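Here is how the chains run, residue by residue.
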Amino acid sequence: MPIRQMKESLEQHIVIKTQVQNTMNQVQKNSKTTQNGKSSQEPQNGKIQHQNSPPTKNRGRRRGRGGRKSDQGDILMRPSSRPCTTSVHKQPVNGFLPPPVNGGPVCMEMGFPTSSKNIRFAQRPGYGQLGTKCIVKANHFFAELPDKDLNHYDVTITPEVVSRTVNKAIMAELVRLYKESDLGMRLPAYDGRKSLYTAGALPFTYREFNIKVADEDDGTNAPRRERDYKVVIKFVARADLHHLGQFLTGKRADAPQEALQILDIVLRELASKRYCPIGRSFFSPNIRKPHRLGEGLESWCGFYQSIRPTQMGLSLNIDMSTAAFIEPLPVIEYVAQLLSKDVLSRPLSDADRVKIKKSLRGVKVEVTHRGGSVRRKYRVSGITSQPTRELVFPVDDDLNMKSVVEYFQEIYGFTIQHTHLPCLQVGNQKKANYLPMEACKIVEGQRYSKRLNEKQITSLLKVTCQRPRDKENDILQTVHHNSYDQDPYAKEFGLNISESMASVEARILPAPWLKYHDTGKEKDCLPLVGQWNMMNKKMINGSTVSRWACINFSRSVQESVARTFCHELAQMCQVSGMEFNPEPVIPIYTARADQVEKALKHVCHASVNKLKGKELDLVIAILPDNNGSLYGDIKRICETDLGLISQCCLTKHVFKINKQYLANVSLKINVKTGGRNTVLMDALSCRIPLVSDIPTIIFGADVTHPENGEDSSPSIAAVVASQDWPEVTKYAGLVCAQAHRQELIQDLYKTWHDPVRGTVNGGMIRDLLISFRKATGQKPQRIIFYRDGVSEGQFYQVLLYELDAIRKACASLEPNYQPPVTFIIVQKRHHTRLFANNHKDRSSVDKSGNILPGTVVDTKICHPAEFDFYLCSHAGIQGTSRPAHYHVLWDENNFTPDGIQSLTNNLCYTYARCTRSVSVVPPAYYAHLAAFRARFYLEPTSNDDDLAGQVGRSTWTGGCGVRPLPALKENVKRVMFYC
């Protein structure tokens, strides 16, 4: 669906405002009194004052650190708190005063726009000042804005061509023939579809051309067939570069996407001819020698390239890329690598045929039996079920049959040696042609888009993992090799690209102090370079595990070894601050991996019987190192069926007991069973701006999509929310399945009709708000929402839909309940990298050579006007660190840059699973873990083509929705089960 249509379709989800003029007047009136600090009726930011709010006499002082005064430009972004519903007094439900029973949420009058045309993302309120200033280099290269008219033309090619490559060949021939005449010496840039761009106008507004393009030489020495195409070029519009200039200087809010798209296409033209283009990246086996990944695959090095609007003007973002390609081998050699066996002498099994068919389907091959330098190419549709020696086909209308072996010998003089192998099938099912494997070679330059196995992933990571200095040098070398100053298209359009990386002012935010239990030798801790350890420390809130059991699924682990491991783990949990019973409820139970459900239920029932009805606190499962679907089966059964908290441990860790490993496992067990490992000292002393002053809930949300090729599996959405205040350390999580590759989270808020109760309100936001109220005794008066996994093109849709769902969820709980919301997008899949200004200066880098944790950038390479920043919150381990990009789309809490940057950085030190600061803010990280976990809950369906051990698929039901996930048990929801 086009973006514009999607935006318009989403508008129906927005709560429509009534009495618009009165609301606007009221909001503006309230804003004036708020700005002057004299409002006696409305609390600041339109928040509703509740009796359970803490004293607010110091709120102004705290806001000076983390909040900012509202300005007139922000007024329309905040909700009006003017009542719009009159209701009789009711008893609170779940701690909230319910809205009137009228079949739906209460009427809401708010300043939230009802159309993407009216929406304006939060504007940058200033620049951060906190931290130690330093200089870093960024892989952004200044691009001088051209001083030429950019013209857009529509292209229609008849007959219609699907292939972008063929379209470009047609246009290249047109330019070759008519550049010096009809095109007026213009060198156009073409996107391969419908759009043609020029620097300056063409001598016409409409013209038709007749172009002849010859087919590829197939090596048969036969005359090449020429195809006739009619090409119509029609003027559409001029791109407004003045608009782009104003946008870059922050004088206009709306980005001129067309002008940016034109410049991007211009810089892609030459690269598309030199390299293999895939998305925004370009690959070649000549940039760096390909590295074998195994099973017929190899890695190709390439580079990513994108023109971006930034505070310093136009910027060309260049980054190194690596992708898996199918190695251009003879097909027989490829099959031998795929199966890891000698296929020339050993027969193929049925499983081998399935694997070959799945791997080669859709792959282009070229024939080698005809000779000639250029060979005819075909796309593989399958393989034959019979060996080549048994294949026959009709050669005439009388159905006279001839074998494939005879045909190739008579027609081509080619003797098929390996007749026991199947043939490749090319063409469609109605008219499939047979090609012997030994007569085919895989065409170079085909990206492998399916799932890699673990060995291939490991090999690929070894290639992509570059130290910062090496990566920086490769990027600079790529820019130099691309010679943008010699690019004829860049010259034509007046684009000048700098060959120097941008030098950017950055700041290193201080690490927060962490609080541990007072009974430990060290009661608090200041992390050093993003890491610390648990020595001499005890968890601030150690949980109690009185009743536990262990199941051993590993044949190689004897009961005595398992017993020793469990004893050491229990001891580590005790040392770390938990109350952990050293003895299991029942003896360690040994079971087969193919009887996981039976084993878990046996242990559960045996324990409950011995405990006279009491439930287990924990199940420890020992797994083989290569356990296929066993891990997922355990999590699905425990969390959705039995209501058990589980901790899985691999055999290699059981045999080699490592103190650090046990310490990390104890951290996970503690939070899974309801404890806290550490909290921020500023949280305990109520010194976190715009979090500590009033009850604040922090959400994290993410959607994970099926892998490429999975066209029936649903997407999984997960939302987590803090359940403690002011600590903001514990997070409860909920998950749901939704339509395939749907990015908008459908179940944030929902209503349905119940035959008994009538209209029922629900959804993940509502449930988590109620959970917060039950856990803390207070209702959230501020919402901070970190949303992961959204691309820039989806910002409007996600904000419109999901902020509206948050509004409706709040309104369904209580009349006029509209806590102010800050909505932040978290991005990791971007290509900005930051490098130390001087790699030799050890004080400016960590052990891996990366920039120091806490490095934040909100100038120069960031958005010209909107509220975003890059934060590298973690210490590098290997490779080049990737900073997270945070984009504040909506901010009713009026955060200052220092306030939101410090909060985000400090939260990264509260991640429960390790004693390191992490690269993404924990609520977003937890949501990702929960969504990934929920994929194990999908009910498996039998499919012959499924890989062994692959997570099962969920299928569509009816066509109007997806099969819902099995519900999490209530005791599982309340804890951090996904850790």
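Residues numbered from 1 in each chain as written. Predicted model: local features only at pLDDT ≥ 70, side-chain atom pairs only at ≥ 80, totals over all residues. Heavy atoms only, no water.

Lay out the state of the cysteines with the relevant residues and their values.
One pass over the structure, following the stated rule, counts 0 disulfides. No disulfide involves Cys550; its sulfur sits 3.6 Å from that of Cys566, the nearest cysteine. Residue classification places Cys550 among the buried positions, given a relative accessible area of 1%. Cys638 takes part in no disulfide bond, and the closest cysteine sulfur to it belongs to Cys648, at a distance of 7.5 Å. (Disulfide = S-S within 2.5 Å. Buried < 20%, exposed > 50% of the residue type's maximum accessible area, 1.4 Å probe, protein only.)

Quick rundown of the nonpolar core? Include the residues and the values.
Within the largest apolar cluster, 89 residues are counted, with the highest numbers of intra-cluster contacts made by Tyr786, Tyr886, Tyr926 and Tyr978. Counting 58 residues, the second-largest nonpolar core is a separate cluster that includes Ala143, Leu196, Phe204 and Leu267. (Core = buried A, V, L, I, M, F, W, Y, C linked by side-chain atoms within 4.5 Å.)

I'd like a rundown of the sheet that holds strand 5 (residues 195-199), residues and numbers included.
Ordered by their spatial adjacency, 5 strands build an open sheet running 4-5-3-7-6, and the pairing between neighbours is antiparallel. With partners counted over all chains shown, the strands left at the sheet margins are strand 4 (189-190) and strand 6 (206-214), one partner each. With 9 bridges connecting them, strand 6 and strand 7 (residues 226-239) associate as antiparallel partners. Residue pairing across strands places Lys212 opposite Asp228, the latter belonging to strand 7. (Pairing = 2+ DSSP bridges. Helix = DSSP H or I, 4+ residues; strand = E, 2+ residues; numbered from the N terminus.)

Would you mind going over the sheet that holds strand 22 (residues 514-515) in detail, with residue names and values included?
Taken together, the 3 strands give an open sheet; going across it, the order is 23-22-30, and neighbouring strands pair in antiparallel fashion. A strand with exactly one partner marks an edge of an open sheet, and here the two such strands are strand 23 (524-525) and strand 30 (679-680). As defined by bridge partners, strand 22 adjoins strand 23 across 2 bridges and the pair is classed as antiparallel. Counted as the bridge partner of Lys515 is Asp524 from strand 23.

Pulling in residues and values, what's your account of the packing of aromatic side chains?
On inspection of all chains with the given rule, the structure shows 27 aromatic pairs. Each ring, one from Tyr178 and one from Phe209, has its centre 5.0 Å from the other, and the planes form 55°; the classification is tilted. Here Phe209 lies in strand 6 and Tyr178 lies in helix 4 (residues 164-178), a separation of 31 residues in the sequence. For Tyr178, a relative accessible area of 23% puts it in the partly exposed group. (Phe/Tyr/Trp six-rings, centres within 6.5 Å; stacked < 30°, edge-to-face > 60°.)

Just give me the short version of the packing of helix 14 (residues 596-610) against helix 15 (residues 630-642), but keep the residues and values in it.
At their nearest, the axes of helix 14 and helix 15 sit 10 Å apart, and the two run at 45° to each other. Taken together, the axis directions place helix 14 and helix 15 in an arrangement best described as oblique. In terms of crossing hand, the pair formed by helix 14 and helix 15 is right-handed. Of the residues in helix 15, those in contact with Val596, Glu597, Leu600 and Lys601 of helix 14 are Leu630, Asp633, Ile634, Ile637, Cys638, Asp641 and Leu642. Of the residues that constitute the contact of helix 14 with helix 15, the class distribution is 7 nonpolar, no polar and 4 charged. (Axes fitted to C-alpha atoms, helices over the stretch in contact; angles between N-to-C directions. Parallel < 35°, antiparallel > 145°, perpendicular 65-115°, else oblique. Left-handed = near helix turned anticlockwise from the far one by under 90°. Contact = heavy atoms within 4.5 Å. Nonpolar A, V, L, I, M, F, W, Y, C, P; charged D, E, K, R; others polar.)

Before we move on, could you go through the layout of surface pockets and cite the residues and values that matter?
Roughly 1,000 Å³ of internal volume is contained in the second largest pocket. Lining the second largest pocket are 39 residues, and of these Gly733, Leu734, Asp767, Glu970 and Lys973 sit closest to its centre. If you list the elements that add at least two residues to the lining of the second largest pocket, you get strand 33 (731-738), strand 34 (750-754), helix 19 (764-776) and helix 23 (970-973). The greatest single-element share of the lining of the second largest pocket, amounting to 8 residues, is contributed by helix 19. Looking at the lining of the second largest pocket, its residues break down into 21 nonpolar, 8 polar and 10 charged. (1 Å grid on protein atoms, 1.4 Å probe; cavity = no way out; pocket = protein on both sides within 12 Å on 5 of 7 lines; lining within 4 Å. Points joined across faces, edges and corners; volume = space filled by probe spheres on them.)

Quick rundown of helix 22 (residues 922-934)? Include the residues and the values.
Under the 1.5 Å per step criterion, the end-to-end length of helix 22 is 18 Å for 13 residues, consistent within 8% with the ideal 18 Å. A large share of helix 22 lies buried, amounting to 10 of its 13 residues. Those residues of helix 22 lying buried are Pro922, Pro923, Ala924, Tyr926, Ala927, Leu929, Ala930, Ala931, Arg933 and Ala934. (Expected span 1.5 Å × (residues − 1).)

If you had to explain unusual backbone geometry to someone new, which residues and values would you point to?
The step from Thr158 to Pro159 runs through a cis peptide bond, and the omega angle for that step is -5°. Cis peptide bonds are those with omega within 30 degrees of zero, and the linkage from Trp725 to Pro726 qualifies with 15°. Tracing the backbone shows Pro726 in the loop between strand 32 (715-722) and strand 33. Phi angles above zero are rare outside glycine, and Lys612 is one such case at about 55°.

Just give me the short version of a nonpolar patch on the surface, but keep the residues and values in it.
Taken together, the side chains of Val392, Leu399 and Met401 make up a nonpolar region of the molecular surface, amounting to roughly 300 Å² of accessible area. Mapped onto the elements, Met401 comes out in strand 16 (residues 401-403). (Patch = residues over 30% accessible without salt bridge, like charges linked within 9 Å, V, L, I, M, F, W, Y side chains within 5 Å. Areas by Shrake-Rupley, 256 points an atom, 1.4 Å probe, with all protein chains shown as cover. Salt bridge = Lys/Arg side-chain N within 4 Å of Asp/Glu carboxyl O.)

Tell me about the confidence of the model for the chain, and please be specific about residues and values.
Here the chain averages 87 in pLDDT, while 84% of its residues score no lower than 70. Residue range residues 71-89 is modelled with pLDDT below 50. Its contacts to residues more than four positions away, or to other chains, number 50 contacts. Confidence drops under a pLDDT of 50 for residues 218-222, and excluding neighbours within four residues, the segment shows 8 contacts in the predicted structure. (pLDDT = per-residue confidence, 0-100.)

Before we move on, could you go through the pattern of salt bridges and cite the residues and values that matter?
According to the stated counting rule, one finds 41 salt bridges in the structure shown. Glu173 is the partner of Arg176 in a salt bridge, and the nearest nitrogen-oxygen pair spans 2.7 Å. Taken together, the positions of Arg176 and Glu173, both in helix 4 and 3 residues apart, correspond to about one turn of that helix. One salt bridge in this structure joins Glu707 and Arg451, with 3.5 Å as the shortest N-O distance.

Tell me about the side chain of Ser284, and please be specific about residues and values.
Summarising the element assignment, Ser284 is placed in strand 9 (residues 281-284). There is a polar contact of 3.0 Å between the side chain of Ser284 and the backbone nitrogen of Asn286. Setting aside its immediate chain neighbours within four residues, Ser284 contacts Tyr275, Trp300 and Cys301. (Polar contact = N/O pair within 3.5 Å; in protein donor to acceptor, adjacent residues only side chain to side chain.)

Lay out the packing of helix 7 (residues 331-339) against helix 8 (residues 350-360) in plain terms, naming residues and giving numbers.
Where helix 7 contacts helix 8, the two axes come as close as 11 Å, and the packing angle between them is 120°. As far as their axial angle goes, helix 8 and helix 7 are oblique. Read as a crossing pair, helix 7 and helix 8 show a hand that is right-handed. Of the residues in helix 8, those in contact with Val331, Tyr334, Val335, Leu338 and Leu339 of helix 7 are Asp352, Lys355, Ile356, Ser359 and Leu360. Grouping the constituent residues of the contact of helix 7 with helix 8 by class yields 7 nonpolar, 1 polar and 2 charged.

Describe the environment of Leu803, and please don't skip the residues or the numbers.
Position of Leu803 relative to the elements: it lies in helix 20 (residues 795-811). With a relative accessible area of 0%, Leu803 lands in the buried category. Taking the C-alpha atoms as reference points, Leu803 and Leu748, 55 residues apart in sequence, are found 9.5 Å from one another.

Outline the pairing of strand 1 (residues 132-138), listing residues and values.
As paired elements, strand 1 and strand 21 (residues 502-508) share 7 bridges and run antiparallel to each other. Across the sheet, Ala138 pairs through a bridge with Ala502, a residue of strand 21.

Provide a residue-level description of the environment of Tyr978, including the pertinent values.
Locating Tyr978 in the fold gives a position in the segment after helix 23. Using a relative accessible area of 2% as the deciding quantity, one classes Tyr978 as buried. Measuring from C-alpha to C-alpha, the distance between Tyr978 and Ala732 comes to 9.5 Å, with 246 residues separating the pair along the chain. Those residues in contact with Tyr978 that sit more than four places away from it in its chain are Val720, Tyr731, Ala732, Gly733, Arg913, Tyr926, Leu929, Ala930 and Arg933. A polar side-chain atom of Tyr978 sits 2.8 Å from the main-chain carbonyl oxygen of Tyr731.

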